Amino acid sequence: MAHDGHDVDVVVVGGGIGGLANALALTRKGLRVRVLEQAHEFGEVGAGLQIAPNCTRILDQWGLLDEVKSLGVLPGNILMKDAIGGGVLTSLDLSDVERRYGFPYMVIHRSDLHGTLLRACRRAGVDLVNDVTVTGYEQAGGGAVAVHEGGREFGEIVLAADGLRSVARRILSDDEPVSSAYVAYRSAVPFEKVADLDLHPKDVVVYIGPRCHFVQYSLRHGEMFNQVAVFESPKALAGEEDWGTPDELDGAFAAACDQVRAGLPLMWRDRWWRMYDREPIMDWVRGRIALTGDAAHPPLQYLAQGAIMAIEDAWVLSEHVSAQDRTGSVDWDAALAAYNAVRPQHCRRVLTTARAWGDLWHHDGEKREWRNVVLRDRDVYDYSYVDWLFGPTALTPEQLPPMFPQYAGDDTQG
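This structure is a prediction, so every number in the text was calculated from the model and none was measured.

Let us now look at the pattern of salt bridges. The full count for this structure, using the stated rule, is 27 salt bridges. Salt-bridge contacts for Asp 270 lead to Arg 271; the nearest nitrogen and oxygen are separated by 3.2 Å. Arg 355 is paired through a salt bridge with Glu 279; the nearest N and O atoms lie 3.3 Å apart. With Arg 355 in helix 10 (residues 332-361) and Glu 279 in the loop between strand 16 (273-277) and strand 17 (285-286), this residue pair connects regions lying 76 residues apart in the sequence. Taken together, the shared-partner salt bridges in this structure form one network comprising Asp 7, Arg 34, Asp 127 and Glu 153.

What follows is the structure, given as structure tokens:
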């Protein structure tokens, strides 16, 4: 369906978590927003998702935290264990995390968070349009245009929330997705299927091992159990096209502890997710076209901040829109410039630190022994590694907190 006139203020391309978060945030500021989604229905694939206090803080501001709590789980701890020996290396007390940051750390099914945002968008009056594949973007007088087979959608701005392989990103960069050679297998099953396993059902447990890791936690008030198995693919390293296959899954965890190997038969084996990110880019705006979410900053998942960064993008842009709306019309150039001044800096830190954190998780040999000693020696209530993530989201570069000193090289400094 084509809308050539100026009947909306903002066009958002992509109806995932980032796209819907932007639509909701801007609608809450009084703007008319249209979301273009290429799928026939709005929905999310995947399984579990971790959302830290920097996200639940924003959901609370949007009036959604209670609904999200009703769908998710508030775990007691994050336990990090050695995937070979099975022993605890370090932990985070998530009750104390909530005390420190003022908002909870939660786990939720990805589709439940997406559904919460979708329902909120419908209540707010967002125009949600399916079966639209955007193939190009153009600047236009007083705004920008998203081009698709059915016509052209004009907005005073166009926000591209079109994911890892974003069409809009080509306007700003000729980079391509970067393969990590790692692959993820997932499963989310009724809890009764794992009731006989040796589990920590009230905690998030991460087993870290040589070139692999394994994550477990409960979903939907303990009714479901989520697992993620991640490993480096020898076939990917060898340049083979068919990589990440189930035989590699089994081989990667052959030496793992009993708890990990007991969970492997429950993994979905008919699908797997090859893990890509992209190099950070420091300019997300061209004229009235702006990137958001994975189009701007697709990370490796080791910090569990991918969806969170997209929600933060939406909150930051909407706050700057509100600040620039003094006469009933938005100074879009100023709002986009303010957004572009802070979000690329923060997200660069996350992308580069996620890569380094993944390397730390996957050490082998002497480096693994060193890592285990360092983690065992950590004070459980030392928050220097997460303060820069879990605290309030920065609206300006000056508000960006310092990075933790131990592992922050020059490429992760703000």
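Next comes the rest of the account.
Turning to the confidence of the model for the protein, a few remarks are in order. For the protein, per-residue confidence averages 94 on the pLDDT scale, and residues scoring 70 or more make up 96% of the total. Across residues 407-414 the pLDDT falls below 50, and counting only partners more than four positions away or on other chains, this stretch makes 19 contacts in the model.

Scanning the model with the defined rule gives 11 aromatic pairs in all. Judged by centre distance (5.9 Å) and plane angle (70°), the rings of Phe 214 and Phe 253 are edge-to-face. On the criterion of sequence distance, the pair formed by Phe 214 in strand 14 (residues 212-219) and Phe 253 in the loop between helix 7 (246-252) and helix 8 (258-263) is long-range, its members being 39 residues apart. Here Phe 214 matches Phe 253 in class, with each residue buried. An aromatic cluster of at least three residues, connected via ring pairs, comprises Tyr 185, Phe 214, Phe 231, Phe 253 and Trp 272. Over the ring of Tyr 276 we find Arg 165, and its NZ or CZ is 5.3 Å from the ring centre. The aromatic ring of Trp 273 is capped on one face by Arg 186, whose charged end is 4.9 Å from the ring centroid.

One open sheet accounts for 7 strands, arranged 5-4-13-14-15-12-16; its pairing is mixed. Sheet topology places strand 5 (88-93) and strand 16 at the edges, where each strand pairs with a single neighbour. The mean angle between the axes of side-by-side strands here comes to 20°, regardless of whether they run parallel or antiparallel. In this structure, strand 4 (residues 77-82) lies alongside strand 5, joined through 5 bridges in antiparallel fashion. Across the sheet, Ile 78 pairs through a bridge with Leu 92, a residue of strand 5. Running at roughly 40° to strand 5, helix 4 (residues 94-101) makes contact with strand 4 and strand 5 of the sheet. This element, helix 11 (residues 365-377), spans strand 4, strand 5 and strand 13 (204-209) of the sheet and lies at about 40° to strand 5.

Right, let's talk about the sheet that holds strand 9 (residues 143-148) for a bit. Read across the sheet, 3 strands follow the order 8-9-10 without closing on themselves; strand pairing throughout is antiparallel. Each of the sheet's edge strands pairs with one partner strand only, and the pair in question is strand 8 (134-140) and strand 10 (151-155). In this sheet, adjacent strand axes meet at a mean angle of 25° when their direction is disregarded. Note: strand 9 against strand 10, 5 bridges, orientation antiparallel. Among the inter-strand pairings, Ala 144 is bridged to a residue of strand 10, identified as Gly 155.

Turning our attention to the layout of surface pockets. The volume enclosed by the second largest pocket comes to roughly 220 Å³. Along the wall of the second largest pocket there are 15 residues; nearest its centre are Pro 210, Arg 211, Gly 251, Ala 252 and Phe 253. For the lining of the second largest pocket, the secondary-structure elements that each account for two or more residues are helix 6 (234-237) and helix 7. The greatest single-element share of the lining of the second largest pocket, amounting to 3 residues, is contributed by helix 7. Residues of the lining of the second largest pocket, tallied by class, amount to 10 nonpolar, 2 polar and 3 charged.

A pair of packed helices is captured by two measures, namely the crossing angle of their axes and the spacing between those axes. Here helix 1 (residues 17-28) crosses helix 5 (residues 110-124) at 30°, and the two axes come no closer than 9 Å. When the axis of helix 1 is compared with that of helix 5, the two are roughly parallel. Between helix 1 and helix 5 the crossing geometry is left-handed. Where helix 1 approaches helix 5, its residues Ile 17, Leu 20, Ala 21, Ala 23, Leu 24 and Thr 27 are matched on the opposing element by Arg 110, Leu 113, His 114, Leu 117, Leu 118, Ala 120, Cys 121 and Ala 124. Its residues assigned to classes, the contact of helix 1 with helix 5 comprises 11 nonpolar, 2 polar and 1 charged.

The terminal C-alpha atoms of helix 11, which comprises 13 residues, lie 19 Å apart, in line with the 18 Å expected from a rise of 1.5 Å per residue. For helix 11, the set of buried residues is Arg 368, Arg 371, Asn 372 and Leu 375. For helix 11, the buried positions fall inside an angular range of 100° around the axis, keeping them on one side. Within helix 11, the exposed residues directed more than 90 degrees away from the buried face are Glu 366 and Asp 377. Along its buried surface, helix 11 packs onto strand 4, strand 5, strand 13 and helix 10.

By size, the foremost hydrophobic cluster in this structure holds 116 residues, and its most contacted members are Val 10, Ile 51, Trp 62, Leu 113, Leu 291 and Phe 390. If you tally residues by element for this core, the top one is helix 10, at 10 residues. Residues in contact with Val 10, not counting those within four places in the same chain, are Leu 26, Leu 31, Arg 32, Val 33, Arg 34, Ile 157, Leu 159 and Trp 332. Of all hydrophobic cores here, the second largest spans 20 residues; its members include Val 183, Tyr 185, Ala 236 and Val 260.

Moving on: the pairing of strand 5. Extensive coverage of strand 5 is indicated by the burial of 5 of its 6 residues. Connecting strand 4 to the antiparallel partner strand 5 that follows it, the hairpin turn spans 5 residues, and Gly 86 within it adopts a positive phi of roughly 85°.

Conventions used here
- Residues numbered from 1 in each chain as written.
- Predicted model: local features only at pLDDT ≥ 70, side-chain atom pairs only at ≥ 80, totals over all residues.
- Heavy atoms only, no water.
- Salt bridge = Lys/Arg side-chain N within 4 Å of Asp/Glu carboxyl O.
- Helix = DSSP H or I, 4+ residues; strand = E, 2+ residues; numbered from the N terminus.
- pLDDT = per-residue confidence, 0-100.
- Contact = heavy atoms within 4.5 Å.
- Phe/Tyr/Trp six-rings, centres within 6.5 Å; stacked < 30°, edge-to-face > 60°.
- Buried < 20%, exposed > 50% of the residue type's maximum accessible area, 1.4 Å probe, protein only.
- Lys NZ or Arg CZ within 6 Å of the ring centre and 35° of its normal.
- Pairing = 2+ DSSP bridges.
- Axes fitted to C-alpha atoms, helices over the stretch in contact; angles between N-to-C directions.
- 1 Å grid on protein atoms, 1.4 Å probe; cavity = no way out; pocket = protein on both sides within 12 Å on 5 of 7 lines; lining within 4 Å.
- Points joined across faces, edges and corners; volume = space filled by probe spheres on them.
- Nonpolar A, V, L, I, M, F, W, Y, C, P; charged D, E, K, R; others polar.
- Parallel < 35°, antiparallel > 145°, perpendicular 65-115°, else oblique.
- Left-handed = near helix turned anticlockwise from the far one by under 90°.
- Expected span 1.5 Å × (residues − 1).
- Arc of directions from axis to C-beta.
- Core = buried A, V, L, I, M, F, W, Y, C linked by side-chain atoms within 4.5 Å.

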